[in-house]
Structures are given as structure tokens and as C-alpha cells.
Amino acid sequence: MDMPYETIVYEKKPPIAKITLNRPDVLNAVNEQMLFELGDVLEDIEKDDDIKVAIITGTGRAFGAGADIMMFKGKSYLDVRKKVIERGKRTLAKMEEMGKPFIAALNGLTLGGGCEIAMACDIRIASEKAKFGQPEINLGLTPGWGGTQRLTRLVGKGMAKKIDLTGDMIDADEAKAIGLVDEVVPAEKLEDSAEKLAEKLASKPPIAVRCMLDAINKGLEMPLREALSFETDEFLISFASEDAKEGISAFIEKRKATFKGK
Ligand code: COA
């Protein structure tokens, strides 16, 4: 069932959920309402066992042009901290930590908070028309939803500093070259490419998917020796699953595995 929201479109076609940022008049800028609605939708994706993968994209010529600058006007330091920064960070962390893959299908301008949402996703596919940047510097701000941290982990220190300090936009090919996006496709193929990838990921055994996302995301924050030990734990969790027994038996019996998510 598709649910009505003011700032996003949420469509569920199990095993795939699709979230479309939908404020095209302001290039899908993220306001407080959008943060609430995203929070609600993420709860639903987390709860719904039939949903295995989520796609997030935008309406019109932008994926997202960042936090809605209007949100900052007239707000106190504490209000901005609580209602914009912390709430936004929780929303992005939820996507990253859910254990279900999020695919960002980046259809156009992907700036500021838009780029930060994309970076909290697991895989980023960009239209050749997409453009990327962290323009906060031009507002006298630093990024607040991961634009100095997830960006640095994706593209390295020097390139992150270049992007953050200049506020300049880069095109999709450059974003691919530096590792900010994982694939670039013609604009008309973006939706199809994201859906095909989502279908492929949804067909994989969900426990191994969850363990793998955890191993990569959390492992990256640990020293290597600790991360390798964490990887062992995740391997053993996947090894203990019924799906692993099925996958191994199916290989030996030369048949296609049927995974049950157990
Ligand atoms: N917050 C609020 N409104 C925004 C917005 C944002 N982050 N980004 C764009 N908009 C609005 C514009 O104000 C404009 O509204 P209007 O038609 O009522 O004037 C509308 O979206 C279209 O944007 P416009 O600036 O006319 O399009 P453009 O193609 O000339 O420029 C950008 C596109 C993205 C370069 C420009 O809109 C921009 O610099 N946006 C701010 C990006 C930013 O700083 N993001 C980080 C925020 S922390």
C-alpha cells in the first residue's frame, strides 16, 4: 500500500520500497516535515519483513539541494541542534544501520544535505546529469549531517577538503572517479538500473546481507585487527543461519538455493 505524505512519495512493492524526495519547487530541500516523514517511512521499512531493499531518489531536476535554508532562519542554537542537526543525523544513521541495503538513485543536483543523505546509503547510482557538492561553506556553515565525515571516508582527506572548502560542484563522472558514486548511467536508465540492482540484492540471503553491511560499516570504524575479529563474528552469525546451510547444500547438489531469511 502506498502512503500519503506531504514531502515524499513512499511506494512499497515488496521486496522493494521506494522513497522519492518530493519538494521539486525547492529542489527537494529537506525541511522538518521531510525529516519527520523520512523517520516514519524508515520505521516502516525496518518493521516490514517483506521489504528487503530500499531505493531513494528525487522528483524533478534534483535529488536534493540540501537542508532547507529557511529552517535556519529565526531558530536558536539549541533548536537548530535538536530539530535540524540531531534529528537529521538520526535519520541518516537509521538508513545506514538498518541492515537492509539502501540504494541512492541520484537523478540530478545532489548538494549539501542531499549529498549527505546519498552518502548514508549503501550504494550510489548517478544519472550522468547529476551534480555533487557541499555548498555549506558559501552560507558560512560547515556540513552537519556527515559531509565532513562520511565524505572523507568515501573520497579521502584531500578530496573531501577540496569539495568542502570550495563548495564547488563536480559532475557525475568526477564523482565516480573519486569514489563518491559507484556507477553512472544515462538519465533514462537510472530508474531501471536502481530497480534491477534492488531486485538482485533482494534475492540474496538477508542474514548474510545484514552481517556484511554491519561488517563493512562498523569495521571501517575499528582498527584492522579488531575489525577482522568483528568480521569473524559476522561470518559465524551468517554461517549459523539456515540460509547458509541451504546455500552450501544447493551448491553441492548443483541446484538453485531457496533462501528463507532464517
Ligand atoms: N533550501 C531552500 N530552498 C532552496 C534550496 C535550499 N537548500 N535550494 C534551492 N532552493 C530553492 C530556491 O530558493 C528556489 O526557490 P524560488 O523559486 O522560490 O526562488 C528554488 O529552490 C530553485 O532554486 P534556484 O536557486 O532558482 O535554482 P538554480 O538552478 O538557479 O540554482 C542551486 C540551483 C542548487 C545552485 C541553488 O538553488 C543553491 O545554491 N541552493 C542552495 C544549496 C545549498 O546551499 N545547500 C546547502 C544547504 S545547508
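Residues numbered from 1 in each chain as written. Predicted model: local features only at pLDDT ≥ 70, side-chain atom pairs only at ≥ 80, totals over all residues. Heavy atoms only, no water.

**Overview of the nonpolar core**
Test applied: Residues grouped as a nonpolar core are buried Ala, Val, Leu, Ile, Met, Phe, Trp, Tyr and Cys residues, joined through side-chain atoms within 4.5 Å. The rule is simple: take the accessible area with a 1.4 Å probe, protein chains only, and divide by the maximum for that residue type; under 20% is buried, over 50% is exposed, in between is partly exposed. Elements are defined by DSSP. Helices are runs of H or I of four residues or more, strands are runs of E of two residues or more, and each kind is numbered from the N terminus. Any pair of residues with heavy atoms lying within 4.5 Å of one another is described as a contacting pair.
Core analysis: the largest hydrophobic core is formed by 46 residues, its most contacted members being I19, I45, I56, F102, F132 and L180. Among the elements that take part in this core, helix 1 (residues 32-47) stands out by supplying six residues, more than any other. Setting aside its immediate chain neighbours within four residues, I45 contacts Y10, A17, I19, I51, A54, M98, K100 and F102. Counting twelve residues, the second-largest nonpolar core is a separate cluster that includes I125, L190, A194 and A198.

**Comments concerning the pattern of salt bridges**
Cut-off, in case you're wondering: For this analysis, a salt bridge means a side-chain nitrogen from Lys or Arg found within 4 Å of a carboxyl oxygen belonging to Asp or Glu.
This structure, assessed with the given rule, holds 16 salt bridges. The salt bridge partner of R255 is E246, with a shortest N-O separation of 2.8 Å. Here R255 falls in the partly exposed class, since its relative accessible area comes to 35%. One network of salt bridges, in which partners are shared, links K12, D44 and D48.

**Here's the deal with the site of the ligand**
Convention followed: Residues are classed as near a molecule or strand on a simple rule: at least one heavy atom within 4 Å of it. The definition of a polar contact used here is a pair of N or O atoms within 3.5 Å, where within protein one atom must be able to donate a hydrogen and the other to accept one, and adjacent residues in sequence count solely through side-chain atom pairs. Values of accessible area rely on a 1.4 Å probe in the Shrake-Rupley scheme; residue burial ignores everything except the protein chains shown. Side-chain classes follow a simple rule in which Ala, Val, Leu, Ile, Met, Phe, Trp, Tyr, Cys and Pro form the nonpolar group, Asp, Glu, Lys and Arg form the charged group, and the remainder, Gly included, forms the polar group.
As a matter of local geometry, the ligand sits amid 14 residues, with V26, R61, A65, A67 and I69 nearest to it. Separating a nitrogen atom of the ligand from a backbone N or O atom of A65 is a distance of 2.9 Å. One nitrogen or oxygen atom from the main chain of I69 is found 2.9 Å from a nitrogen atom belonging to the ligand. Contact with the protein chains hides 57% of the accessible area of the ligand, taken as 860 Å² for the molecule alone. Taken together, the residues of the shell around the ligand break down into ten nonpolar, no polar and four charged.

**Focus on the pairing of strand 5 (residues 102-106)**
Under the convention used in this document: Pairing between strands is defined by DSSP: at least two bridges between them are needed.
The element strand 5 is extensively covered by neighbouring structure, given that five of its five residues are classed as buried. By the alternation rule, side chains of strand 5 split into F102, A104 and L106 and I103 and A105, which are all buried. Strand direction decides the pairing type here: strand 5 and strand 7 (residues 123-127), joined by four bridges, are parallel. Its bridge partner being in strand 7, A105 is matched across the sheet by I125.

**Observations concerning helix 7 (residues 190-202)**
Basically, it comes down to this: Expected span, for any helix, means 1.5 Å times one less than how many residues it has. Directions pointing from the helix axis toward each C-beta atom define the arc.
With 13 residues, helix 7 extends 18 Å between its outermost C-alpha atoms, agreeing within 8% with the 18 Å of an ideal straight helix rising 1.5 Å per residue. Inspection of helix 7 places L190, S193, A194, A198, L201 and A202 among the buried residues, and these make up the whole buried set. Summarising the axial view, the buried residues of helix 7 lie within an arc of 165°, below the 170-degree limit, and thus occupy one face.

**Observations regarding a nonpolar patch on the surface**
The test is simple: To count toward a patch, a residue needs a relative accessible area over 30% and no salt bridge; like charges are then connected within 9 Å, while nonpolar side chains (Val, Leu, Ile, Met, Phe, Trp, Tyr) are connected within 5 Å.
On the surface, F235, L236, F239, I248, F251 and I252 cluster together into a nonpolar patch covering about 700 Å² of accessible area. At the level of secondary structure, the elements contributing two or more residues to the nonpolar patch comprise helix 9 (224-239) and helix 10 (242-252). In this fold, I252 is placed in helix 10.

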